[in-house]
Amino acid sequence: MEDDPPRRAGKGPSCAVILGALASILAVGQPILSRLWHDRVVGPLGVKELDDRALYQVVLYPRRPKDFGGGNSDDTQWLLFFHDPGCGACRRLRPAFHAVAQLLNAPDALRFASFDCRQHRVICERLGADKLPVIRMYAATELTRAHAQERSSGSATKRPRRDPAAEYSGPLIGYEFIKWLQTLPGLSSADVQWPGEQELGDAILTYKSRGSSRVDSLLSEPAHARPGGFLTDASTAMRISIFDAGMAFPLADEGASQERLHALQQWINVLAKTFPRRDEREKLESLANLLGSDLQHLLQEASPRDKYRQMLLEQGLKIEDKYDWCYGGELVLESGVGGYSCSLWLLFHSMMANTYPSEADPELNTLHAINLWVEHFFSCRPCSAHFMDMWTSADHRGYTGRTAAYHSHEKASLWLWRAHNKVSARLAAEEGMSRKRQWPSTALCQTCYQDEYINGSAAAVSDRWYPKQWRQQYVYGLLQQLFCHDSDTYVCASFFDPSGYR
């Protein structure tokens, strides 16, 4: 065995010198290190799963100014998601909760955590979180801050207790929860960087794709062998509809109708917001921008209508006569003759499903845009007249089309569904189209019917409109589930589950 190499005495600094130098470096660099620590906690920190100890020592009675890799100062608020892993209602909000936590760039203002009430049932009951899900904001109040200051002595500083400051009590819909969160005090400041709607929608769908938040389906049986097939029909109807809307542009010997031009622009603007596929929305948005900037120049063309239709081709919006659900009469909605009229209804329903409920701008109101298109551009004039009659007449719930359009998303969607069923009933009675049935059937959605029509006490009415048999709140949920399938909009991210339904 060879001897260790000899040490070179007198060439290296002593331990005392080294330790002294390190102390000097740390003393000088402490402010820098503090800033580096503070600066590095600038991104989203996600959702922290708490046990009972962390719930009390980190959130309710914080002991340290930093915890779980981020700030936990007196000004930090915690949003807690009390849940049960087997709770279906909890699964409806969990994706949106996690999406915001992954994207919201405000770690010093707001932290996110979840607490399993199946594992800690007694604690949840003690905190009043016994009816799940509960999403509650905890924050230090001025009273608890003052009380903590009174209890502080010498160098020991007592941290204030956090109390409930707000609690979500809205619908079990992701975008409604996010809208509520954006209104809370301190979360609308310039320091809080909120992600965009499309980014939120993508994050919600990404979380759902993991399969950990599947929700129960409203369908009693599969609606169709190809659940996303309606998008083919909707795309065909969209392209034909904007082609037909070119009638708004005058022929060489005609004057321009400002009313029809307005209907055209509103139709394309709304389609650019509500069509279920992003690639098609981008084409429609480009077309809408061109019309918005070049409309007057377009009207000065020798043939504005031909020029407009050339623009459609240039934007990649040529007519494609392709059908899926509407092919050969095998339509999930009507079980009748397919084709263009069938695909129009699918387009209308998918537009409504993808409509952001709080859209206040009347120029972007989906149901109103549908009405204007039917009034001005639908080639079946008797059909148009019948639709307009329904639009202006109050139905059994007291809603005209206009009042429903501006009341709520649910009311507008259900008005369109009722109108569709009334059209089917009229065709069945007037034209002998016996395959025109009321939709959905009891086989497709049992929960959409009152109990007596499911248990055999009464027979469901399928050949005419009969409002008493429906549970319309479930019909609304069914419309969202069906027509959000494969959609990538922010709205439909709350309803479509890419991992499938239970």
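Residues numbered from 1 in each chain as written. Predicted model: local features only at pLDDT ≥ 70, side-chain atom pairs only at ≥ 80, totals over all residues. Heavy atoms only, no water.

**Student:** Honestly, the overall build of the protein in this entry has me stumped. Any pointers?
**Tutor:** In terms of regular secondary structure, the protein is built from 17 helices and 7 strands. In the protein, once contacts between residues fewer than 6 apart in sequence are set aside, the share between residues at least 24 apart is 73%. Total accessible area computed for the protein in this model is approximately 24600 Å², and 51% of it derives from carbon and sulfur atoms. (Helix = DSSP H or I, 4+ residues; strand = E, 2+ residues; numbered from the N terminus. Contact = heavy atoms within 4.5 Å. Areas by Shrake-Rupley, 256 points an atom, 1.4 Å probe, with all protein chains shown as cover.)

**Student:** Could you clarify how one ought to interpret the state of the cysteines in this entry?
**Tutor:** Throughout this description, disulfide means a covalent bond between two cysteine sulfur atoms. Under the criterion given, the structure shown has 5 disulfides. Put simply, cysteine 380 and cysteine 383 are joined by a disulfide, and their sulfur atoms are 2.1 Å apart. Where cysteine 380 bonds to cysteine 383 through sulfur, the torsion about that S-S bond is close to 60 degrees, and the disulfide is right-handed. Taken in N- to C-terminal order, the disulfide-linked cysteines of the protein are connected 1-2, 3-4, 5-6, 7-8, 9-10. (Disulfide = S-S within 2.5 Å.)

**Student:** Honestly, the side chain of aspartate 84 in this entry has me stumped. Any pointers?
**Tutor:** By secondary structure assignment, the location of aspartate 84 is in the loop between strand E4 (77-83) and helix H3 (88-103). Polar contacts involving the side chain of aspartate 84 include one to the side chain of arginine 118, which spans 3.1 Å. Leave out the neighbours within four places in its chain, and aspartate 84 touches Cys90, Arg94, Asp116, Arg118 and Leu132. (Polar contact = N/O pair within 3.5 Å; in protein donor to acceptor, adjacent residues only side chain to side chain.)

**Student:** I keep staring at the pattern of salt bridges and nothing clicks. Help me out?
**Tutor:** Pairs can form between side chains of opposite charge once their charged atoms are near each other. This structure, assessed with the given rule, holds 15 salt bridges. Measuring nitrogen to oxygen at the nearest pair gives 3.1 Å for the salt bridge that ties glutamate 125 to arginine 121. Taken together, the positions of glutamate 125 and arginine 121, both in helix H4 (residues 121-126) and 4 residues apart, correspond to about one turn of that helix. Given a relative accessible area of 43%, glutamate 125 falls into the partly exposed group. Two residues, aspartate 163 and arginine 161, come together in a salt bridge whose shortest N-O distance is 2.7 Å. Judged by relative accessible area, which is 19%, aspartate 163 ranks as buried. Among the charged side chains, a network of salt bridges with common partners joins Asp202, Arg278, Arg281 and Asp488. (Salt bridge = Lys/Arg side-chain N within 4 Å of Asp/Glu carboxyl O. Buried < 20%, exposed > 50% of the residue type's maximum accessible area, 1.4 Å probe, protein only.)

**Student:** Please clarify how the packing of aromatic side chains should be interpreted in this entry.
**Tutor:** Each pair of aromatic rings is reported with the distance of its centres and the angle of its planes. What the rule picks out here adds up to 27 aromatic pairs. Aromatic side chains tyrosine 56 and tyrosine 61 sit 6.4 Å apart centroid to centroid with 10 degrees between the ring planes, which places their arrangement in the stacked category. Taking the relative accessible area as the measure of exposure, tyrosine 56 reaches 24% and is therefore partly exposed. By relative accessible area, tyrosine 61 is classed as partly exposed at 45%. Taken together, a centroid distance of 5.8 Å and an interplanar angle of 35 degrees make the contact between tryptophan 373 and phenylalanine 378 tilted. A single burial state applies to tryptophan 373 and to phenylalanine 378, both of which are buried. Aromatic ring contacts, followed pair by pair, group Phe81, Phe97, Phe112, Tyr168, Phe177 and Trp180 into a single cluster. The cationic tip of arginine 309 hangs over the ring face of phenylalanine 243; the distance from NZ or CZ to the ring centre is 4.0 Å. (Phe/Tyr/Trp six-rings, centres within 6.5 Å; stacked < 30°, edge-to-face > 60°. Lys NZ or Arg CZ within 6 Å of the ring centre and 35° of its normal.)

**Student:** Just to check I follow, could you spell out helix H9 (residues 258-274) for this structure?
**Tutor:** Compared with an ideal rise of 1.5 Å per residue, which puts 17 residues at 24 Å, H9 spans 24 Å between its outermost C-alpha atoms and is within 8% of the ideal. Regarding H9, the residues found buried are Leu261, Ala263, Leu264, Gln266, Trp267, Ile268, Val270, Leu271, Ala272 and Thr274. Residues of H9 that are buried sit in contact with helix H8 (230-244), helix H10 (278-299), helix H11 (304-314), helix H12 (340-353) and helix H13 (366-377). (Expected span 1.5 Å × (residues − 1).)

**Student:** Honestly, the confidence of the model for the protein in this entry has me stumped. Any pointers?
**Tutor:** The predicted coordinates should not be examined in detail at positions where pLDDT is low. When pLDDT is averaged along the protein, the result is 84, and 82% of the positions lie at 70 or above. Within the model, the stretch residues 1-10 combines pLDDT values under 50 with 0 contacts to residues more than four positions away or in other chains. This model gives residues 329-336 a pLDDT under 50, and the stretch forms 32 contacts once residues within four places in sequence are excluded. (pLDDT = per-residue confidence, 0-100.)

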